[in-house]
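Notes for the structure review
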Amino acid sequence: MNVYVCVGSSCHLKGSYQIIELMKKALEENNLTDQVSLSAAFCLGKCTHGVSIKVDDEIITGVSPESFPEIFQKYVLTPVKG
Amino acid sequence: MNNLCVDLGWRSINKHGEQLCGDRVQIVEPSADSVVMVLADGLGSGVKANILSTLTSKIISTMVASNMTLENCVQTIADTLPVCEVRQVAYSTFTIIRMENNEYAELIQYDNPLVILLRDGKSFDYEKTAMEIGGKTIYKSKIQLKENDTFITTSDGAIHAGIGMSLNFGWQRENIIEFMEMMYDKDFTAKTLATILLDECNKLYGYQPGDDTTVSVMKVRQRRQVNLMIGPPSDPADDEKMLGLFFSKEGKHIVCGGTSSTVVARFLHQTVQPNLGYLDPEIPPTATIKGVDLVTEGVITINRVLSYAKSYLEDNEEYSKWSYKQDGASQISRMLFEEATDINFYVGRAVNPAHQNPDLPINFSIKMRLVDELCQSLKEMGKRIKVSYF
(Lines give C-alpha, C1' and ligand atoms only; values in the text may rest on other atoms or scores of the structure.)
Protein backbone atom coordinates (compact mmCIF):
# COMPACT_ATOMS: atom_id res chain seq x y z
CA MET A 1 0.00 0.00 0.00
CA ASN A 2 1.20 3.49 -0.81
CA VAL A 3 0.33 6.43 1.40
CA TYR A 4 1.09 10.01 0.34
CA VAL A 5 0.79 13.08 2.54
CA CYS A 6 0.34 16.38 0.72
CA VAL A 7 3.04 18.94 1.56
CA GLY A 8 1.80 21.72 -0.74
CA SER A 9 1.71 25.27 0.65
CA SER A 10 -1.84 25.11 1.88
CA CYS A 11 -1.69 21.67 3.50
CA HIS A 12 1.68 22.57 4.98
CA LEU A 13 0.08 25.50 6.75
CA LYS A 14 -2.67 23.25 8.02
CA GLY A 15 -0.20 20.83 9.56
CA SER A 16 1.32 18.33 7.09
CA TYR A 17 4.35 18.04 9.35
CA GLN A 18 2.24 16.80 12.26
CA ILE A 19 0.31 14.38 10.07
CA ILE A 20 3.54 12.90 8.69
CA GLU A 21 4.87 12.44 12.22
CA LEU A 22 1.58 10.83 13.35
CA MET A 23 1.58 8.58 10.30
CA LYS A 24 5.19 7.45 10.88
CA LYS A 25 4.41 6.66 14.51
CA ALA A 26 1.19 4.84 13.73
CA LEU A 27 2.88 2.70 11.06
CA GLU A 28 5.66 1.76 13.46
CA GLU A 29 3.32 0.94 16.32
CA ASN A 30 1.34 -1.37 14.11
CA ASN A 31 4.45 -2.91 12.54
CA LEU A 32 3.32 -1.84 9.09
CA THR A 33 6.50 -0.15 7.86
CA ASP A 34 7.22 -3.13 5.57
CA GLN A 35 3.78 -3.20 4.05
CA VAL A 36 2.98 0.48 3.74
CA SER A 37 5.23 2.90 1.94
CA LEU A 38 4.90 6.47 3.15
CA SER A 39 5.89 9.43 0.96
CA ALA A 40 5.22 13.10 0.54
CA ALA A 41 3.19 14.48 -2.35
CA PHE A 42 3.21 17.92 -3.87
CA CYS A 43 -0.22 19.54 -4.15
CA LEU A 44 -3.03 16.99 -4.50
CA GLY A 45 -5.37 19.72 -5.70
CA LYS A 46 -7.69 19.81 -2.67
CA CYS A 47 -6.14 22.84 -1.01
CA THR A 48 -9.31 24.17 0.59
CA HIS A 49 -9.87 20.96 2.56
CA GLY A 50 -6.36 20.13 3.80
CA VAL A 51 -4.54 18.29 5.06
CA SER A 52 -4.99 15.90 2.16
CA ILE A 53 -3.59 12.39 2.01
CA LYS A 54 -3.73 9.82 -0.72
CA VAL A 55 -4.02 6.09 -0.03
CA ASP A 56 -3.23 4.26 -3.24
CA ASP A 57 -5.62 6.05 -5.60
CA GLU A 58 -8.07 7.48 -3.12
CA ILE A 59 -7.71 11.06 -1.84
CA ILE A 60 -8.87 11.73 1.70
CA THR A 61 -9.19 15.34 2.78
CA GLY A 62 -9.57 17.14 6.07
CA VAL A 63 -7.03 15.09 8.00
CA SER A 64 -6.20 16.66 11.33
CA PRO A 65 -4.57 15.33 14.49
CA GLU A 66 -8.10 14.86 15.89
CA SER A 67 -9.48 12.94 12.92
CA PHE A 68 -6.24 11.04 12.31
CA PRO A 69 -6.89 7.89 14.45
CA GLU A 70 -10.24 7.28 12.81
CA ILE A 71 -8.90 7.88 9.27
CA PHE A 72 -5.87 5.70 9.91
CA GLN A 73 -8.09 2.90 11.17
CA LYS A 74 -10.51 3.13 8.24
CA TYR A 75 -8.20 3.71 5.29
CA VAL A 76 -4.93 2.08 6.32
CA LEU A 77 -5.25 -0.41 9.15
CA THR A 78 -8.46 -2.19 8.14
CA PRO A 79 -7.59 -2.66 4.43
CA VAL A 80 -4.07 -3.86 5.22
CA LYS A 81 -5.06 -6.29 7.94
CA GLY A 82 -7.79 -7.41 5.60
CA MET B 1 36.57 41.85 -21.39
CA ASN B 2 36.65 38.97 -18.97
CA ASN B 3 33.92 37.12 -17.15
CA LEU B 4 34.90 38.45 -13.73
CA CYS B 5 33.00 40.75 -11.40
CA VAL B 6 33.45 42.31 -8.00
CA ASP B 7 31.57 41.09 -4.95
CA LEU B 8 31.53 43.73 -2.24
CA GLY B 9 30.37 43.48 1.35
CA TRP B 10 30.99 45.47 4.50
CA ARG B 11 29.88 45.86 8.10
CA SER B 12 30.54 48.29 10.93
CA ILE B 13 30.12 48.24 14.67
CA ASN B 14 29.95 51.42 16.74
CA LYS B 15 32.18 52.32 19.63
CA HIS B 16 30.50 51.11 22.81
CA GLY B 17 27.83 53.59 23.86
CA GLU B 18 27.83 55.60 20.62
CA GLN B 19 24.71 55.96 18.52
CA LEU B 20 26.53 56.94 15.33
CA CYS B 21 29.42 55.30 13.57
CA GLY B 22 32.47 57.43 12.82
CA ASP B 23 33.48 55.14 9.96
CA ARG B 24 31.82 55.42 6.63
CA VAL B 25 31.81 53.21 3.55
CA GLN B 26 30.61 54.65 0.24
CA ILE B 27 30.30 52.66 -2.94
CA VAL B 28 29.83 54.13 -6.38
CA GLU B 29 29.75 52.59 -9.81
CA PRO B 30 30.80 55.23 -12.31
CA SER B 31 30.16 52.81 -15.18
CA ALA B 32 28.96 49.27 -15.64
CA ASP B 33 32.45 47.81 -15.27
CA SER B 34 34.01 49.98 -12.65
CA VAL B 35 33.38 50.25 -8.97
CA VAL B 36 34.82 52.56 -6.32
CA MET B 37 34.80 51.84 -2.60
CA VAL B 38 35.78 54.52 -0.10
CA LEU B 39 36.26 53.74 3.58
CA ALA B 40 36.70 56.87 5.68
CA ASP B 41 37.37 56.93 9.41
CA GLY B 42 36.50 60.24 11.04
CA LEU B 43 38.66 61.47 13.88
CA GLY B 44 37.28 60.72 17.32
CA SER B 45 33.87 59.17 17.62
CA GLY B 46 30.20 60.03 17.62
CA VAL B 47 28.64 62.93 15.76
CA LYS B 48 31.84 64.75 14.80
CA ALA B 49 33.54 61.64 13.47
CA ASN B 50 30.39 60.70 11.62
CA ILE B 51 30.18 64.08 9.89
CA LEU B 52 33.87 64.09 8.98
CA SER B 53 33.87 60.61 7.52
CA THR B 54 30.61 61.18 5.68
CA LEU B 55 31.96 64.39 4.19
CA THR B 56 35.24 62.76 3.17
CA SER B 57 33.76 59.65 1.64
CA LYS B 58 31.00 61.56 -0.10
CA ILE B 59 33.36 64.11 -1.66
CA ILE B 60 35.73 61.42 -2.86
CA SER B 61 33.10 59.09 -4.23
CA THR B 62 31.25 61.89 -6.01
CA MET B 63 34.44 63.20 -7.60
CA VAL B 64 35.67 59.78 -8.59
CA ALA B 65 32.28 58.95 -10.04
CA SER B 66 32.59 61.95 -12.34
CA ASN B 67 35.87 60.55 -13.61
CA MET B 68 38.36 62.83 -11.90
CA THR B 69 41.76 61.36 -11.14
CA LEU B 70 42.34 60.00 -7.67
CA GLU B 71 45.17 62.53 -7.12
CA ASN B 72 42.77 65.35 -7.82
CA CYS B 73 40.23 64.02 -5.37
CA VAL B 74 42.80 63.63 -2.64
CA GLN B 75 44.11 67.14 -3.24
CA THR B 76 40.59 68.51 -2.86
CA ILE B 77 40.06 66.62 0.36
CA ALA B 78 43.38 67.81 1.75
CA ASP B 79 42.51 71.42 0.90
CA THR B 80 38.92 71.52 2.06
CA LEU B 81 38.45 69.41 5.12
CA PRO B 82 38.46 71.19 8.48
CA VAL B 83 41.21 70.67 11.02
CA CYS B 84 40.16 69.41 14.43
CA GLU B 85 40.42 72.29 16.94
CA VAL B 86 41.20 70.04 19.90
CA ARG B 87 43.90 67.98 18.29
CA GLN B 88 45.19 70.30 15.55
CA VAL B 89 45.09 67.42 13.12
CA ALA B 90 42.87 67.07 10.20
CA TYR B 91 39.65 65.39 9.32
CA SER B 92 39.48 61.75 8.56
CA THR B 93 41.70 58.99 7.26
CA PHE B 94 40.63 57.08 4.17
CA THR B 95 41.21 54.25 1.75
CA ILE B 96 40.02 54.29 -1.86
CA ILE B 97 39.86 51.19 -4.02
CA ARG B 98 38.87 51.61 -7.62
CA MET B 99 38.44 48.57 -9.83
CA GLU B 100 38.32 49.01 -13.59
CA ASN B 101 36.93 46.44 -16.03
CA ASN B 102 37.65 43.78 -13.41
CA GLU B 103 41.21 43.97 -14.76
CA TYR B 104 43.10 46.11 -12.31
CA ALA B 105 42.65 47.81 -8.98
CA GLU B 106 43.92 51.24 -8.00
CA LEU B 107 44.49 51.78 -4.30
CA ILE B 108 44.95 55.08 -2.50
CA GLN B 109 45.63 54.75 1.18
CA TYR B 110 45.86 57.49 3.72
CA ASP B 111 46.53 56.47 7.32
CA ASN B 112 44.06 53.60 7.58
CA PRO B 113 45.60 50.19 8.26
CA LEU B 114 47.09 49.01 4.95
CA VAL B 115 44.72 47.01 2.79
CA ILE B 116 45.27 43.26 3.01
CA LEU B 117 45.22 41.41 -0.29
CA LEU B 118 44.62 37.68 -0.21
CA ARG B 119 45.53 35.97 -3.47
CA ASP B 120 44.38 32.34 -3.57
CA GLY B 121 43.87 32.61 0.16
CA LYS B 122 47.42 33.77 0.99
CA SER B 123 48.55 37.28 1.82
CA PHE B 124 50.06 38.93 -1.24
CA ASP B 125 52.57 41.72 -0.78
CA TYR B 126 51.69 44.30 -3.40
CA GLU B 127 53.85 47.29 -4.35
CA LYS B 128 53.15 50.72 -2.89
CA THR B 129 54.41 54.10 -4.00
CA ALA B 130 54.54 56.88 -1.44
CA MET B 131 53.40 60.32 -2.63
CA GLU B 132 53.05 63.70 -1.00
CA ILE B 133 49.75 65.42 -1.66
CA GLY B 134 48.94 68.58 0.27
CA GLY B 135 51.66 67.74 2.78
CA LYS B 136 50.30 64.27 3.48
CA THR B 137 51.92 60.95 2.71
CA ILE B 138 49.70 58.79 0.63
CA TYR B 139 50.34 55.29 -0.65
CA LYS B 140 49.34 54.45 -4.13
CA SER B 141 49.23 51.04 -5.81
CA LYS B 142 48.04 49.57 -9.04
CA ILE B 143 47.37 45.86 -9.03
CA GLN B 144 46.52 43.50 -11.88
CA LEU B 145 43.49 41.49 -10.74
CA LYS B 146 43.18 37.74 -10.65
CA GLU B 147 40.17 35.60 -9.89
CA ASN B 148 39.58 35.17 -6.13
CA ASP B 149 41.66 38.23 -5.21
CA THR B 150 40.23 39.44 -1.91
CA PHE B 151 40.86 42.98 -0.72
CA ILE B 152 40.26 43.50 3.00
CA THR B 153 40.03 47.11 4.12
CA THR B 154 39.58 47.97 7.79
CA SER B 155 39.42 51.03 9.97
CA ASP B 156 41.95 51.18 12.82
CA GLY B 157 39.27 49.91 15.19
CA ALA B 158 40.06 46.46 13.79
CA ILE B 159 43.74 46.46 14.71
CA HIS B 160 43.05 48.02 18.09
CA ALA B 161 40.61 45.29 19.00
CA GLY B 162 41.40 43.80 22.39
CA ILE B 163 43.90 46.44 23.57
CA GLY B 164 44.19 46.25 27.31
CA MET B 165 41.54 43.59 27.46
CA SER B 166 42.20 40.24 25.92
CA LEU B 167 45.45 41.35 24.29
CA ASN B 168 48.12 43.78 25.44
CA PHE B 169 48.68 45.61 22.18
CA GLY B 170 45.60 44.82 20.21
CA TRP B 171 45.99 42.47 17.34
CA GLN B 172 48.29 43.65 14.65
CA ARG B 173 47.84 43.57 10.90
CA GLU B 174 49.92 40.36 10.85
CA ASN B 175 47.48 38.70 13.25
CA ILE B 176 44.56 39.72 11.09
CA ILE B 177 46.32 38.29 8.03
CA GLU B 178 46.97 35.03 9.87
CA PHE B 179 43.36 34.87 11.04
CA MET B 180 41.89 35.57 7.60
CA GLU B 181 44.25 33.12 5.87
CA MET B 182 43.00 30.51 8.31
CA MET B 183 39.30 31.36 7.85
CA TYR B 184 39.51 31.83 4.08
CA ASP B 185 37.31 29.69 1.89
CA LYS B 186 37.03 30.56 -1.76
CA ASP B 187 33.27 30.04 -1.69
CA PHE B 188 32.69 32.62 1.04
CA THR B 189 31.13 35.86 -0.16
CA ALA B 190 32.62 39.26 0.59
CA LYS B 191 29.88 39.89 3.12
CA THR B 192 30.59 36.62 4.89
CA LEU B 193 34.33 37.33 5.06
CA ALA B 194 33.63 40.82 6.41
CA THR B 195 31.28 39.37 9.01
CA ILE B 196 33.82 36.76 10.11
CA LEU B 197 36.51 39.39 10.72
CA LEU B 198 34.22 41.94 12.33
CA ASP B 199 32.73 39.35 14.69
CA GLU B 200 36.23 38.35 15.75
CA CYS B 201 37.13 41.98 16.48
CA ASN B 202 33.94 42.42 18.43
CA LYS B 203 34.78 39.31 20.44
CA LEU B 204 38.28 40.60 21.22
CA TYR B 205 36.69 43.83 22.43
CA GLY B 206 34.55 41.74 24.78
CA TYR B 207 31.52 43.01 22.81
CA GLN B 208 32.21 46.56 24.02
CA PRO B 209 34.21 48.03 21.13
CA GLY B 210 36.69 50.70 22.19
CA ASP B 211 36.51 52.29 18.74
CA ASP B 212 34.25 52.30 15.71
CA THR B 213 35.28 49.26 13.69
CA THR B 214 34.60 48.63 10.02
CA VAL B 215 35.56 45.84 7.67
CA SER B 216 35.00 46.09 3.94
CA VAL B 217 35.80 43.22 1.59
CA MET B 218 36.02 43.29 -2.21
CA LYS B 219 36.35 39.98 -3.92
CA VAL B 220 37.01 39.29 -7.58
CA ARG B 221 35.01 36.33 -8.83
CA GLN B 222 33.52 34.71 -11.91
CA ARG B 223 30.05 35.77 -12.96
CA ARG B 224 27.59 32.96 -12.46
CA GLN B 225 23.99 32.75 -13.54
CA VAL B 226 21.13 31.10 -11.65
CA ASN B 227 17.55 30.81 -12.93
CA LEU B 228 14.46 30.63 -10.74
CA MET B 229 10.93 29.86 -11.85
CA ILE B 230 7.93 30.48 -9.62
CA GLY B 231 4.31 29.93 -10.65
CA PRO B 232 2.87 28.61 -13.91
CA PRO B 233 1.95 31.16 -16.63
CA SER B 234 -1.48 32.76 -16.45
CA ASP B 235 -2.37 31.19 -19.78
CA PRO B 236 -1.53 27.44 -19.84
CA ALA B 237 -0.93 27.80 -23.57
CA ASP B 238 2.28 29.64 -22.61
CA ASP B 239 3.72 26.69 -20.65
CA GLU B 240 5.95 25.57 -23.49
CA LYS B 241 7.17 29.07 -24.28
CA MET B 242 7.97 29.96 -20.67
CA LEU B 243 9.72 26.69 -19.88
CA GLY B 244 11.52 26.62 -23.22
CA LEU B 245 13.06 30.00 -22.39
CA PHE B 246 13.74 29.03 -18.79
CA PHE B 247 15.59 25.83 -19.60
CA SER B 248 17.54 27.39 -22.46
CA LYS B 249 19.36 29.58 -19.91
CA GLU B 250 22.82 28.65 -18.76
CA GLY B 251 23.37 27.91 -15.08
CA LYS B 252 21.41 26.25 -12.32
CA HIS B 253 17.62 25.98 -12.40
CA ILE B 254 15.37 26.31 -9.36
CA VAL B 255 11.64 25.58 -9.56
CA CYS B 256 9.38 26.86 -6.76
CA GLY B 257 5.80 25.76 -6.22
CA GLY B 258 3.73 22.61 -6.33
CA THR B 259 1.80 23.37 -9.51
CA SER B 260 4.93 24.75 -11.19
CA SER B 261 6.84 21.56 -10.52
CA THR B 262 4.02 19.48 -12.01
CA VAL B 263 4.10 21.63 -15.15
CA VAL B 264 7.90 21.38 -15.32
CA ALA B 265 7.86 17.60 -14.87
CA ARG B 266 5.38 17.28 -17.74
CA PHE B 267 7.55 19.53 -19.91
CA LEU B 268 10.67 17.45 -19.19
CA HIS B 269 8.83 14.10 -19.41
CA GLN B 270 9.88 13.33 -15.88
CA THR B 271 8.12 12.77 -12.56
CA VAL B 272 8.12 14.85 -9.38
CA GLN B 273 9.44 12.90 -6.45
CA PRO B 274 8.73 14.72 -3.21
CA ASN B 275 11.16 14.12 -0.39
CA LEU B 276 9.61 13.09 2.89
CA GLY B 277 12.18 14.75 5.11
CA TYR B 278 10.77 17.74 6.95
CA LEU B 279 14.18 19.14 7.81
CA ASP B 280 12.67 22.31 9.19
CA PRO B 281 9.08 21.87 10.45
CA GLU B 282 8.23 25.34 9.15
CA ILE B 283 9.48 24.81 5.60
CA PRO B 284 7.78 22.27 3.34
CA PRO B 285 10.04 19.50 2.03
CA THR B 286 11.80 19.76 -1.33
CA ALA B 287 11.26 17.45 -4.27
CA THR B 288 13.36 16.00 -7.06
CA ILE B 289 12.83 16.29 -10.81
CA LYS B 290 15.54 14.94 -13.10
CA GLY B 291 17.03 17.89 -14.97
CA VAL B 292 16.20 20.49 -12.32
CA ASP B 293 18.79 21.45 -9.69
CA LEU B 294 16.31 22.24 -6.94
CA VAL B 295 12.54 21.89 -6.55
CA THR B 296 10.78 23.49 -3.59
CA GLU B 297 7.37 24.61 -2.43
CA GLY B 298 6.49 28.20 -3.38
CA VAL B 299 5.28 31.01 -1.18
CA ILE B 300 6.26 29.79 2.29
CA THR B 301 9.76 28.89 1.17
CA ILE B 302 10.28 32.18 -0.71
CA ASN B 303 8.98 34.10 2.28
CA ARG B 304 11.74 32.53 4.39
CA VAL B 305 14.36 33.25 1.69
CA LEU B 306 13.25 36.90 1.80
CA SER B 307 13.73 37.10 5.55
CA TYR B 308 17.21 35.56 5.18
CA ALA B 309 17.98 38.12 2.44
CA LYS B 310 16.98 41.00 4.69
CA SER B 311 19.12 39.65 7.50
CA TYR B 312 22.06 39.23 5.11
CA LEU B 313 21.81 42.89 4.15
CA GLU B 314 21.76 43.95 7.79
CA ASP B 315 23.72 42.11 10.45
CA ASN B 316 23.89 38.71 8.67
CA GLU B 317 22.77 37.03 11.93
CA GLU B 318 20.76 34.32 10.18
CA TYR B 319 23.85 33.18 8.27
CA SER B 320 24.41 30.47 10.86
CA LYS B 321 21.08 28.94 9.78
CA TRP B 322 20.95 29.15 6.01
CA SER B 323 24.65 28.56 5.43
CA TYR B 324 24.49 24.82 6.02
CA LYS B 325 20.90 23.61 6.45
CA GLN B 326 19.32 21.42 3.79
CA ASP B 327 15.73 22.70 3.80
CA GLY B 328 14.44 24.36 0.62
CA ALA B 329 14.78 27.93 1.83
CA SER B 330 18.39 27.50 2.99
CA GLN B 331 19.36 25.83 -0.28
CA ILE B 332 17.78 28.61 -2.34
CA SER B 333 19.50 31.23 -0.14
CA ARG B 334 22.92 29.70 -0.73
CA MET B 335 22.37 29.52 -4.49
CA LEU B 336 21.07 33.08 -4.78
CA PHE B 337 23.19 34.92 -2.20
CA GLU B 338 26.50 33.04 -2.57
CA GLU B 339 26.72 31.32 -5.94
CA ALA B 340 24.84 33.69 -8.21
CA THR B 341 25.90 37.05 -9.59
CA ASP B 342 23.17 37.16 -12.24
CA ILE B 343 19.68 35.88 -11.51
CA ASN B 344 16.85 35.39 -13.99
CA PHE B 345 13.38 35.16 -12.49
CA TYR B 346 10.60 33.52 -14.50
CA VAL B 347 7.39 34.50 -12.77
CA GLY B 348 4.09 32.93 -13.83
CA ARG B 349 0.98 34.87 -13.01
CA ALA B 350 -1.49 32.01 -12.82
CA VAL B 351 -3.82 32.38 -9.87
CA ASN B 352 -4.19 29.21 -7.83
CA PRO B 353 -7.93 29.26 -7.02
CA ALA B 354 -7.38 27.11 -3.97
CA HIS B 355 -5.09 29.74 -2.46
CA GLN B 356 -7.54 32.63 -2.79
CA ASN B 357 -8.98 31.81 0.58
CA PRO B 358 -9.04 34.63 3.12
CA ASP B 359 -7.84 32.17 5.79
CA LEU B 360 -4.62 31.44 3.93
CA PRO B 361 -1.68 33.85 4.01
CA ILE B 362 -0.47 32.68 0.61
CA ASN B 363 -2.70 34.38 -1.96
CA PHE B 364 -1.68 35.69 -5.36
CA SER B 365 -0.91 39.31 -4.45
CA ILE B 366 1.31 38.15 -1.60
CA LYS B 367 3.29 35.96 -3.99
CA MET B 368 3.85 38.87 -6.40
CA ARG B 369 4.89 41.16 -3.55
CA LEU B 370 7.34 38.56 -2.21
CA VAL B 371 8.98 38.24 -5.62
CA ASP B 372 9.28 42.04 -5.91
CA GLU B 373 10.82 42.40 -2.47
CA LEU B 374 13.22 39.53 -3.03
CA CYS B 375 14.40 41.06 -6.32
CA GLN B 376 14.92 44.38 -4.54
CA SER B 377 17.00 42.77 -1.79
CA LEU B 378 19.10 40.83 -4.29
CA LYS B 379 19.78 44.06 -6.20
CA GLU B 380 20.99 45.61 -2.96
CA MET B 381 23.41 42.70 -2.67
CA GLY B 382 24.83 43.80 -6.04
CA LYS B 383 23.27 41.07 -8.16
CA ARG B 384 22.07 41.66 -11.69
CA ILE B 385 18.41 40.74 -11.78
CA LYS B 386 16.12 40.10 -14.74
CA VAL B 387 12.44 39.36 -14.19
CA SER B 388 10.15 38.00 -16.90
CA TYR B 389 6.41 37.66 -16.30
CA PHE B 390 4.18 35.19 -18.09
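How each quantity is defined
Residues numbered from 1 in each chain as written. Chains lettered and ligands numbered in written order. Predicted model: local features only at pLDDT ≥ 70, side-chain atom pairs only at ≥ 80, totals over all residues. Heavy atoms only, no water. Helix = DSSP H or I, 4+ residues; strand = E, 2+ residues; numbered from the N terminus. Rg over C-alpha atoms; globule rule 2.2 N^0.38 Å. Contact = heavy atoms within 4.5 Å. Lys, Arg positive; Asp, Glu negative; His and termini not counted. Charge placed at Lys NZ, Arg CZ, Asp CG, Glu CD. Buried < 20%, exposed > 50% of the residue type's maximum accessible area, 1.4 Å probe, protein only. Pairing = 2+ DSSP bridges. Buried area = accessible area lost by both parts, 1.4 Å probe. Salt bridge = Lys/Arg side-chain N within 4 Å of Asp/Glu carboxyl O. Polar contact = N/O pair within 3.5 Å; in protein donor to acceptor, adjacent residues only side chain to side chain. Core = buried A, V, L, I, M, F, W, Y, C linked by side-chain atoms within 4.5 Å. 1 Å grid on protein atoms, 1.4 Å probe; cavity = no way out; pocket = protein on both sides within 12 Å on 5 of 7 lines; lining within 4 Å. Points joined across faces, edges and corners; volume = space filled by probe spheres on them. Right-handed = clockwise from strand over helix to strand, strands pointing away. pLDDT = per-residue confidence, 0-100. Axes fitted to C-alpha atoms, helices over the stretch in contact; angles between N-to-C directions. Parallel < 35°, antiparallel > 145°, perpendicular 65-115°, else oblique. Nonpolar A, V, L, I, M, F, W, Y, C, P; charged D, E, K, R; others polar.

1. Re the overall build of chain A
Along chain A, the regular secondary structure elements total 3 helices and 4 strands. Ordered by position in the sequence, the α and β elements of chain A form the string β-α-α-β-β-β-α. For chain A, whose C-alpha radius of gyration is 12 Å, the value lies close to the compact-globule estimate of 12 Å for 82 residues. Across its three principal directions, the C-alpha atoms of chain A cover 30 × 20 × 20 Å. Across chain A, every contact between residues at least 6 apart in sequence was considered, and the portion connecting residues at least 24 apart equals 66%. Each charge class in chain A can be summarised by its mean position, and for the 7 positive and 9 negative side chains these summaries are 5 Å apart.

2. A closer look at the overall build of chain B
Looking only at helices and strands, one finds 11 helices and 18 strands in chain B. Its C-alpha radius of gyration of 24 Å places chain B within 12% of the 21 Å reference for a compact globule of 390 residues. When the backbone C-alpha atoms are referred to their principal axes, chain B occupies close to 70 × 45 × 40 Å. A buried classification covers 55% of the 390 residues belonging to chain B. Put simply, 69% of the contacts in chain B that link residues at least 6 apart link residues at least 24 apart. Distance between charge centres in chain B, computed from 39 positive and 50 negative side chains, equals 3 Å.

3. Regarding the pairing of strand β9 (residues 136-144) of chain B
Examined bridge by bridge, strand β5 (residues 104-110) of chain B and β9(B) share 6 bridges and lie antiparallel to one another. Across the sheet, the residue bridging to B:Tyr104 is B:Gln144, located in β9(B).

4. A short note on the interface of chain A and chain B
Taken residue by residue, the interface counts 17 residues in chain A and 27 residues in chain B. Three residues stand out in chain A for area buried against chain B, namely A:His12, A:Tyr17 and A:Phe42, and they jointly supply 39% of the buried area on that side. Our enumeration of links across chain A and chain B arrives at 0 salt bridges. Counting the contacts that link chain A with chain B gives 3 residue pairs in polar contact (both at pLDDT 80 or more).

5. Considering the nonpolar core
Among the nonpolar cores identified, the biggest contains 60 residues, and B:Leu336 and B:Phe337 are the most heavily contacted of them. In this structure, A:Ile19, A:Ala40, A:Val51 and B:Ala265 belong to the second largest nonpolar core, which totals 44 residues.

6. Thoughts on the layout of surface pockets
All names here are of chain B. In this model, the largest pocket occupies a volume close to 770 Å³. Forming the walls of the largest pocket are 27 residues, and the residues nearest its centre are Val6, Leu8, Glu29, Met381 and Gly382. Secondary-structure elements contributing two or more residues to the lining of the largest pocket are β1 (4-13), β2 (23-31), β3 (34-42) and α8 (299-313). Take the lining of the largest pocket: its biggest share by element is 7 residues, from β1.

7. Some words on the pairing of strand β13 (residues 252-256) of chain B
Looking down a regular strand, the side chains alternate between one sheet face and the other. Residue and element names in this part refer to chain B. In terms of burial, β13 is largely enclosed, as 4 of its 5 residues are buried. Taking the sense of rotation as the criterion, the β-α-β connection linking strand β12 (residues 225-230), helix α6 (residues 239-248) and β13 turns out right-handed. Sheet topology places β13 next to strand β16 (residues 294-296); 3 bridges connect them, and they run parallel. Its bridge partner lying in β16, Cys256 is registered against Thr296.

8. Things to note about unusual backbone geometry
All names here are of chain B. Not every positive phi belongs to a glycine, and Asn67 is a case in point at roughly 65 degrees. Residue placement: Asn67 occurs in the loop between α1 (46-65) and α2 (70-80). On the basis of relative accessibility, which here comes to 59%, the residue Asn67 falls in the exposed class. Although it is not a glycine, Asn101 adopts a positive phi angle of roughly 55 degrees. Looking at the secondary structure, you find Asn101 in the loop between β4 (92-100) and β5.

9. Considerations on the pattern of salt bridges
Residue and element names in this part refer to chain B. Applying the stated criterion across every chain yields a total of 16 salt bridges over all chains. A salt bridge links Glu71 to Lys140; the nearest nitrogen and oxygen atoms lie 2.6 Å apart. Taken together, the positions of Glu71 in helix α2 and Lys140 in strand β9 put the pair 69 residues apart, joining distant regions of the chain. By relative accessible area, Lys140 is classed as partly exposed at 22%. Three or more residues are tied together by salt bridges with common partners; here these are Asp280, Glu282, Arg304 and Lys325.

10. Let's talk about the confidence of the model for chain B
All names here are of chain B. Across chain B, the average pLDDT comes to 89, with 94% of residues at 70 or higher. Per-element confidence in chain B ranges from a low mean pLDDT of 80 for α2 to a high of 97 for strand β10 (residues 150-154). This complex was scored by the predictor with a pTM of 0.84 and an ipTM of 0.78.

11. Describing the sheet that holds β9(B)
All names here are of chain B. The strand order across the open sheet built from 6 strands is β2-β3-β4-β5-β9-β8, with neighbouring strands paired in antiparallel fashion. Two strands bound the open sheet, and with one partner strand each, they are β2 and β8 (129-133). Sheet twist, expressed as the mean angle between neighbouring strand axes with direction ignored, is 20 degrees. Where α1 meets the sheet, its contacts fall on β2, β3 and β4, and the angle it forms with β2 comes to roughly 10 degrees.

12. Here's the deal with the packing of α6(B) against helix α7 (residues 258-268) of chain B
Residue and element names in this part refer to chain B. The contact between α6 and α7 brings their axes to 11 Å, and the two run at 80 degrees. Between α6 and α7, the crossing angle belongs to the class labelled roughly perpendicular. Counted together, Asp239, Glu240, Leu243, Gly244 and Phe247 of α6 and Val263, Val264, Arg266, Phe267 and Leu268 of α7 form the full contact between these two elements. Of the residues contributing to the contact of α6 with α7, the split by class is 6 nonpolar, 1 polar and 3 charged.

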